[in-house]
Amino acid sequence: PSYSYNSNVNGIKSGWPMCSGIGKVKGLEISWFYSGTDNINGAQLSWISCANKELYGAQGCFIFNYSESSLIGVQASFVNVSGDVKGLQASGFNYSGNMRGFQPGLIGNISKDLNGCQMGIFNVANATKGFQAGAVNAADELTGMQLGVVNTAKKQGVQFGLINYIEGGVLPFFPLLNFSM
């Protein structure tokens, strides 16, 4: 019904096949195809897609999750996209603003700034404070370590891999191990 678009829900909000709105859900939002209420404090679940502006809790589906501005909690799907994240983003591919936490992606991960860990075939972050593990790892500023086949950084860090490149290092390229402080 149309009144559910604006309403706040404490408990369970469900839609068959979908539900959305500009209100708040404190509890559980669940649907078959799409769950899309703007503010979630609890869990948002769907078979196909979930979307919101702010999430405090968990978001899960099989295909695509989207959290526009911030996510504090867990996001799990085949593809996850979010603004700033504090917590866990687990999927085939993850994309986020500033990431504070753990980002495992079967294919890869892209973050603005990373304070934590990225694991995937490829990992990309601007300022990285933590650990990147994958076939290809790239960071502008690296305060931490990269473990992979190809590792690149513009500034300091520690790299273990076949090809290691730190643009500002004493030895910019060095195989197996490279570091710059």
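Refer to the structure printed above.
Residues numbered from 1 in each chain as written. Predicted model: local features only at pLDDT ≥ 70, side-chain atom pairs only at ≥ 80, totals over all residues. Heavy atoms only, no water.

Draft legend 1. The arrangement of the overall build of the protein in detail. If you tally the helices and strands in the protein, you get zero helices and eleven strands. Reading the protein from its N terminus to its C terminus gives the helix and strand order β-β-β-β-β-β-β-β-β-β-β. Within the span of the protein, comprising 181 residues, buried residues form 41% of the whole. For the protein, long-range pairs separated by at least 24 residues make up 1% of all intrachain contacts whose partners lie at least 6 apart in sequence. Of the charged side chains in the protein, 10 are positive and 9 negative, and the gap between their average positions amounts to 6 Å. (Helix = DSSP H or I, 4+ residues; strand = E, 2+ residues; numbered from the N terminus. Buried < 20%, exposed > 50% of the residue type's maximum accessible area, 1.4 Å probe, protein only. Contact = heavy atoms within 4.5 Å. Lys, Arg positive; Asp, Glu negative; His and termini not counted. Charge placed at Lys NZ, Arg CZ, Asp CG, Glu CD.)

Draft legend 2. Seen up close, a nonpolar patch on the surface. Together, Trp 16, Met 18, Trp 32, Phe 33, Trp 47, Ile 48, Phe 62, Ile 63, Phe 64 and Tyr 66 line one region of the surface with nonpolar side chains, adding up to about 1,100 Å² of accessible area. One can find Ile 63 in the loop between strand 4 (49-60) and strand 5 (64-76). Look at Ile 63 and you get partly exposed, because its relative accessible area is 46%. (Patch = residues over 30% accessible without salt bridge, like charges linked within 9 Å, V, L, I, M, F, W, Y side chains within 5 Å. Areas by Shrake-Rupley, 256 points an atom, 1.4 Å probe, with all protein chains shown as cover. Salt bridge = Lys/Arg side-chain N within 4 Å of Asp/Glu carboxyl O.)

Draft legend 3. Representation of the packing of aromatic side chains in the model. Summed over the entire model, instances satisfying the criterion amount to four aromatic pairs. Judged by centre distance (6.1 Å) and plane angle (15°), the ring pair of Trp 32 and Trp 47 falls under stacked. Taken together, the residues span a long stretch of sequence, with Trp 32 in the loop between strand 2 (18-31) and strand 3 (34-46) and Trp 47 in the loop between strand 3 and strand 4 at a distance of 15 residues. For Trp 32, a relative accessible area of 42% puts it in the partly exposed group. Geometrically, the ring pair formed by Trp 47 and Phe 62 is stacked, given 5.1 Å between the ring centres and 15° between the ring planes. Of the two residues, Trp 47 sits in the loop between strand 3 and strand 4 while Phe 62 sits in the loop between strand 4 and strand 5, which places them 15 residues apart along the sequence. (Phe/Tyr/Trp six-rings, centres within 6.5 Å; stacked < 30°, edge-to-face > 60°.)

Draft legend 4. Structural context of the pattern of salt bridges. What the rule picks out here adds up to one salt bridge. Its salt-bridge partner being Lys 154, residue Asp 140 comes within 3.8 Å of it at the nearest N-O pair. On the criterion of sequence distance, the pair formed by Asp 140 in strand 9 (residues 122-153) and Lys 154 in the loop between strand 9 and strand 10 (157-166) is long-range, its members being 14 residues apart. Assessed through its relative accessible area of 29%, Asp 140 is described here as partly exposed. Judged by relative accessible area, which is 45%, Lys 154 ranks as partly exposed.

Draft legend 5. Structural context of the side chain of Gln 89. Counting through the fold element by element, Gln 89 comes out in strand 6 (residues 79-96). A polar contact of 2.8 Å, which involves the side chain of Gln 89, links it to the side chain of Gln 75. A polar contact of 2.6 Å, which involves the side chain of Gln 89, links it to the side chain of Gln 103. Residues within four places of Gln 89 in sequence aside, it is in contact with Gln 75, Asn 80, Val 81, Ser 82, Asn 94, Tyr 95, Ser 96, Met 99, Phe 102, Gln 103 and Pro 104. (Polar contact = N/O pair within 3.5 Å; in protein donor to acceptor, adjacent residues only side chain to side chain.)

Draft legend 6. Structural context of the nonpolar core. The biggest cluster of nonpolar side chains holds nine residues, and these are Val 9, Val 25, Ile 40, Leu 55, Leu 71, Val 85, Met 99, Leu 114 and Ala 125. Once you skip the residues sitting within four places of it in the chain, Val 9 turns out to touch Lys 24, Val 25 and Lys 26. (Core = buried A, V, L, I, M, F, W, Y, C linked by side-chain atoms within 4.5 Å.)

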